[in-house]
There are 2 protein chains.
Amino acid sequence: MDYQVIKVKEDVLQENSKRADELRKYLKSKGVYMINVMASPGSGKTTLLVNIINKLKNKYRIGVMEADIDGEVDAKRINELTGVKTIQIHTSGACHLTAQMTHDAINEFGVDNIDLLFLENVGNLVCPAEFDTGSNINMMLLSVPEGDDKPLKYPLMFEVSKIAVITKIDTAEIFDFNYERCEQNIHKRNPDAKVFKVSALNDQGTDELVKYLESIIE
Amino acid sequence: MDYQVIKVKEDVLQENSKRADELRKYLKSKGVYMINVMASPGSGKTTLLVNIINKLKNKYRIGVMEADIDGEVDAKRINELTGVKTIQIHTSGACHLTAQMTHDAINEFGVDNIDLLFLENVGNLVCPAEFDTGSNINMMLLSVPEGDDKPLKYPLMFEVSKIAVITKIDTAEIFDFNYERCEQNIHKRNPDAKVFKVSALNDQGTDELVKYLESIIE
């Protein structure tokens, strides 16, 4: 049974990479840059997106695809607070998005009038990291309340993310969080990772992140 | 491909349930009660365990199995702060524990002198809920910083957990967390769930949880 599972998983991942490459080509042909946003549940993905979208929306035509196992609170919130085009994807219980699921959602969403597409993945620090969604870049969030040791315990998420955003820094005083140790832990997993520190609620540090995003969006 | 994946998953879950039942029988024969602890990364599983183990250890011979994808900070911490027998399980990248993995770990650990066994599952609010580990009961944690809407987004975790512990209540002032709404959301998923509110660091609310655990441990 174990062998069968591993074999199927290898096939699935290989097939997924192929589909992801196809999707990236398609998005390029449509002039769309896609950012895959990943993090644990409750680490502040939606709040950060609202903040940076409001800073980017005069420059780019933005779309947001919100993936959750159930519920649609996030899609509603993003749309209400930014006015940009949003859809909610339900994963039918799945713990991550595949490239195929992302492609299907994009087909439904329509990207004719979109330059910049944010994909908010399922809240999960493990599985989404295994599946290339077809995005141009992965941006992961780690919130201060989660602790600075997370890169040690969830290696793959940090390895595959070019951007690591430490969120909720306004709460650092009440949590035992060491930025220096955290950055060291992140760079152990990915020496090239760009690390940002933000409080999206207090609008701290998000200008730097927005500036960086503007520099990489093609 | 999709059908194949679903079929394999069904087989895996069916096989897993069988193994879980076998493991429960084995543990019963050894006089061991096992509690499976699940939550997102950084929601305070280890801190809560340290607190309640120190309250329970004079009454029970306790063991702790810590599962992580990588790292061994938790096992060390539990052992240093409670003195009870602890091992670290590495899941080789897997996002959850199966009954078979749990059984293998128990065989290595040895439960001859154990009455109460805590299994700290991988930090993940999705996948661990799908796999019966062979435990007697599931205890899930939701930390205040994660937000009161999580039962809406991660239904299965709340459905399969008889005990739901809201942690880090000492931080409620700075987060927009509504206990009443959270409890309603939890009971929508599982009307029989016992909900506790604790701050393990400040030793708030853990006596009630300990009392409840003492009432159910066989």
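Undergrad: Quick question: what am I supposed to make of the interface of chain B and chain A here?
TA: Accessible area lost on assembly of the parts is the figure often given for the size of an interface. The interface is formed by 36 residues belonging to chain B together with 36 residues belonging to chain A. A buried area of about 2,800 Å², summed over both sides, lies between chain B and chain A, and 68% of it is on carbon and sulfur atoms. A salt bridge links aspartate 74 of chain B to lysine 153 of chain A; the nearest nitrogen and oxygen atoms lie 2.8 Å apart. Where chain B meets chain A, there are six residue pairs in polar contact (both at pLDDT 80 or more). Those elements that provide at least two residues to the side of chain B that touches chain A are helix 1 (2–29), helix 3 (73–82) and helix 5 (150–153) of chain B. Per element, the largest residue contribution to the side of chain B that touches chain A is five residues, and it comes from helix 1 of chain B.

Undergrad: Looking at this model, I keep getting lost on the environment of glutamine 100 of chain B. Mind explaining?
TA: Residues and elements named next belong to chain B. Within the secondary structure layout, glutamine 100 lies in helix 4 (residues 99–109). Judged by relative accessible area, which is 29%, glutamine 100 ranks as partly exposed. C-alpha of glutamine 100 to C-alpha of threonine 133: the two residues are 33 residues apart in sequence and 7.9 Å apart in space. Discounting residues that sit within four places of it in the chain, glutamine 100 has contacts with Asn16 and Arg19.

Undergrad: Got a minute to help me understand the confidence of the model for chain A in this structure?
TA: Detailed reading of predicted coordinates is not advised where the pLDDT is low. For chain A, the mean per-residue pLDDT works out to 94, and 96% of the residues sit at or above 70. For this predicted complex, the interface confidence comes out at an ipTM of 0.86, alongside a pTM of 0.91.

Undergrad: Explain the relation of the copies chain B and chain A here, please?
TA: Put simply, the two copies of the chain differ by a rotation about an axis and a shift along that axis. At an RMSD of 0.0 Å, chain B and chain A line up after a rotation of 180° and a shift of 0.0 Å along the axis. On this basis, the relationship between the two copies can be described by a two-fold rotation axis.

Undergrad: Any chance you could explain the sheet that holds strand 7 (residues 194–197) of chain A here in plain terms?
TA: Residue and element names in this part refer to chain A. Taken together, the seven strands give an open sheet; going across it, the order is 3-2-4-1-5-6-7, and neighbouring strands pair in parallel fashion. One side of each edge strand has no neighbouring strand; the edge strands of this open sheet are strand 3 (85–90) and strand 7. Strand-to-strand twist in this sheet, taken as the mean axis angle between neighbours without regard to direction, amounts to 20°. Alignment of strand 2 (residues 62–68) against strand 4 (residues 116–120), held across five bridges, turns out to be parallel. Each residue of the ladder has a partner; that of methionine 65, found in strand 4, is leucine 119.

Undergrad: So what exactly am I meant to see when it comes to the nonpolar core here?
TA: Grouped together as the largest cluster of nonpolar side chains are 77 residues, with contacts concentrated most on Met65, Ile106 and Leu117 of chain A together with Met65, Ile106 and Leu117 of chain B. With residues near it in sequence (within four places) discarded, methionine 65 of chain A still touches Ile87, Ile89, Thr102, Ala105, Ile106, Phe109, Leu117, Phe118, Leu119 and Glu120 of chain A.

Undergrad: In this structure, what is going on with the packing of aromatic side chains? I would like to understand it.
TA: Geometry of an aromatic ring pair is reported as the spacing of the ring centres plus the angle between the planes. Taken as a whole and assessed by the stated rule, the structure comprises five aromatic pairs over all chains. With 5.5 Å between their ring centres and 40° between their planes, phenylalanine 196 of chain B and tyrosine 212 of chain B make a pair best called tilted. Note that phenylalanine 196 of chain B is positioned in strand 7 (residues 194–197) and tyrosine 212 of chain B in helix 8 (residues 206–216), a separation of 16 residues in sequence. Pair check on accessibility: phenylalanine 196 of chain B and tyrosine 212 of chain B agree, each one buried. We note lysine 85 of chain A situated over the ring of phenylalanine 109 of chain A; from NZ or CZ to the ring centre the distance is 4.6 Å. Lying across the ring of tyrosine 179 of chain A, lysine 197 of chain A places its NZ or CZ 4.7 Å from the centre.

Undergrad: Got a minute to help me understand the packing of helix 2 (residues 45–56) of chain B against helix 3 of chain B in this structure?
TA: The description of two packed helices rests on the angle between their axes and on the distance between the axes. Residues and elements named next belong to chain B. Running from N to C, helix 2 and helix 3 point in directions that differ by 25°, and their axes come no closer than 10 Å. For the element pair helix 2 / helix 3, the angle class is roughly parallel. Both helix 2 and helix 3 take part in a crossing whose hand is right-handed. On helix 3, the residues touching Thr46, Thr47, Leu49, Val50, Ile53 and Asn54 of helix 2 are Asp74, Arg77, Ile78, Leu81 and Thr82. Among the residues forming the contact of helix 2 with helix 3, the class breakdown is five nonpolar, four polar and two charged.

What counts, and at which threshold
Residues numbered from 1 in each chain as written. Chains lettered and ligands numbered in written order. Predicted model: local features only at pLDDT ≥ 70, side-chain atom pairs only at ≥ 80, totals over all residues. Heavy atoms only, no water. Contact = heavy atoms within 4.5 Å. Buried area = accessible area lost by both parts, 1.4 Å probe. Salt bridge = Lys/Arg side-chain N within 4 Å of Asp/Glu carboxyl O. Polar contact = N/O pair within 3.5 Å; in protein donor to acceptor, adjacent residues only side chain to side chain. Helix = DSSP H or I, 4+ residues; strand = E, 2+ residues; numbered from the N terminus. Buried < 20%, exposed > 50% of the residue type's maximum accessible area, 1.4 Å probe, protein only. pLDDT = per-residue confidence, 0-100. Least-squares fit on C-alpha atoms with pLDDT ≥ 70 in both. Pairing = 2+ DSSP bridges. Axes fitted to C-alpha atoms, helices over the stretch in contact; angles between N-to-C directions. Core = buried A, V, L, I, M, F, W, Y, C linked by side-chain atoms within 4.5 Å. Phe/Tyr/Trp six-rings, centres within 6.5 Å; stacked < 30°, edge-to-face > 60°. Lys NZ or Arg CZ within 6 Å of the ring centre and 35° of its normal. Parallel < 35°, antiparallel > 145°, perpendicular 65-115°, else oblique. Left-handed = near helix turned anticlockwise from the far one by under 90°. Nonpolar A, V, L, I, M, F, W, Y, C, P; charged D, E, K, R; others polar.

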